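# Fold and geometry: a report
Below, each chain spelled out in residue letters.
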Amino acid sequence: MQTQSSGSYITKDLILGINRLWSQTDGGVFDSLECPSCHHRSVSIWFTHPRADQYRTWFICKQCRLEARFINSGPPKNYTEARINEHLQAHDSECLARARFPWPPR
Ligand SMILES: [Zn+2]
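Residues numbered from 1 in each chain as written. Predicted model: local features only at pLDDT ≥ 70, side-chain atom pairs only at ≥ 80, totals over all residues.

### Some remarks on the overall build of the protein chain
Here is the rule: Numbering of helices and strands starts at the N terminus; helices are DSSP runs of H or I of at least 4 residues and strands are runs of E of at least 2. Each residue is classified by how many other C-beta atoms fall within 10 Å of its C-beta atom, where C-beta atoms are placed from the backbone; a count of 20 or more means buried, 12 or fewer means exposed, and values in between mean partly exposed. A pair of residues counts as a contact when their C-beta atoms, built from backbone coordinates, are within 7 Å of each other.
On a plain count of helices and strands, the protein chain comes out with 2 helices and 5 strands. Listed N to C, the secondary structure of the protein chain is β-α-β-β-β-β-α in terms of helices and strands. When the 106 residues of the protein chain are sorted by exposure, 22% land in the buried category. Contacts in the protein chain between residues far apart in sequence, at least 24 positions, make up 51% of those at least 6 positions apart.

Below, the structure is given as structure tokens:
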């Protein structure tokens, strides 16, 4: 998991909060989730599918600078192309293209 937030460090509470958000993806709720950083109901969940076998789940807060990304081992539960964020997908595609070592085969 990679995270960025408005603070200069990641706290244990923040990690626990992001893990709680992660567990909520199973419920099919994609918007207005409580942010573990600013506590507004302003987190949205987005997916990317930058390569045939690559999936990512992003958590983006509209109120603060919280961004968290999970690298999934397969399609996330409740994955839907309707929630693909093209901007984030371009970012993930660029990261994979710049990777020094190839992604291990499955
Ligand atoms: Zn926030």
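### Focus: the nonpolar core
Basically, it comes down to this: For this entry, the nonpolar core is defined as buried Ala, Val, Leu, Ile, Met, Phe, Trp, Tyr and Cys residues connected by C-beta atoms within 7 Å.
Counting residues in hydrophobic clusters, the biggest one holds 11 residues: I18, L21, L33, C35, V43, I45, W58, F59, C61, L66 and A68. Mapped by element, the contributors of at least two residues to this core are α1 (12–24), β3 (41–51) and β4 (54–61). Considering every element that reaches this core, the biggest residue donor is β4, with 3 residues. Ignoring any residue separated from it by four or fewer positions in sequence, one finds W58 in contact with W46, T48, E67, R69, N85 and L88.

### Digging into the pairing of strand β5 (residues 67–72)
Going by this rule: We treat two strands as partners when DSSP finds at least two bridges between them.
Alignment of β4 against β5, held across 6 bridges, turns out to be antiparallel. Counted as the bridge partner of F59 is A68 from β5. Between β4 and β5, which pair antiparallel and follow one another directly, the connecting turn spans 5 residues.

### As for α1
For the record, the criterion: Here the expected length of a helix is defined as 1.5 Å per residue gap, with one fewer gap than residues. Throughout, the arc means the angular range of directions from the helix axis out to the C-beta atoms.
Along its 13 residues, α1 runs 19 Å from first to last C-alpha, staying within 8% of the 18 Å computed at 1.5 Å per residue. Where α1 is concerned, the buried positions are G17, I18 and L21. Along the long axis of α1, the arc covered by the buried residues comes to 100 degrees, so they all point the same way. Seen from the buried face of α1, the exposed residues on the opposite side, beyond 90 degrees, are K12, L16, R20 and S23.

### A word on the environment of N72
Mapped onto the secondary structure, N72 falls in strand β5. Overall, the presence of 17 C-beta atoms within 10 Å leaves N72 in the partly exposed class. Sequence separation between N72 and R56 is 16 residues; the distance between their C-alpha atoms is 5.4 Å. Ignoring anything within four residues of it in the chain, the contact list for N72 reads Y55, R56 and T57.

### So, unusual backbone geometry
Even without being a glycine, S32 presents a positive backbone phi close to 60 degrees. Classification of S32 by C-beta neighbours within 10 Å gives exposed; the count is 11. Phi is positive for N78, which is not a glycine, with a value near 70 degrees. As for its placement among the helices and strands, N78 is situated in the loop between β5 and α2 (86–98).

### Some details on the confidence of the model for the protein chain
Short version of the rule: Think of pLDDT as the predictor's per-residue confidence, scored from 0 to 100.
Summing up the model confidence of the protein chain, the mean pLDDT is 86 and the portion of residues at 70 or higher is 90%. Strand β1 (residues 2–4) is the least confidently modelled element of the protein chain, averaging 57 in pLDDT, while β3 averages 95, the highest of any element.

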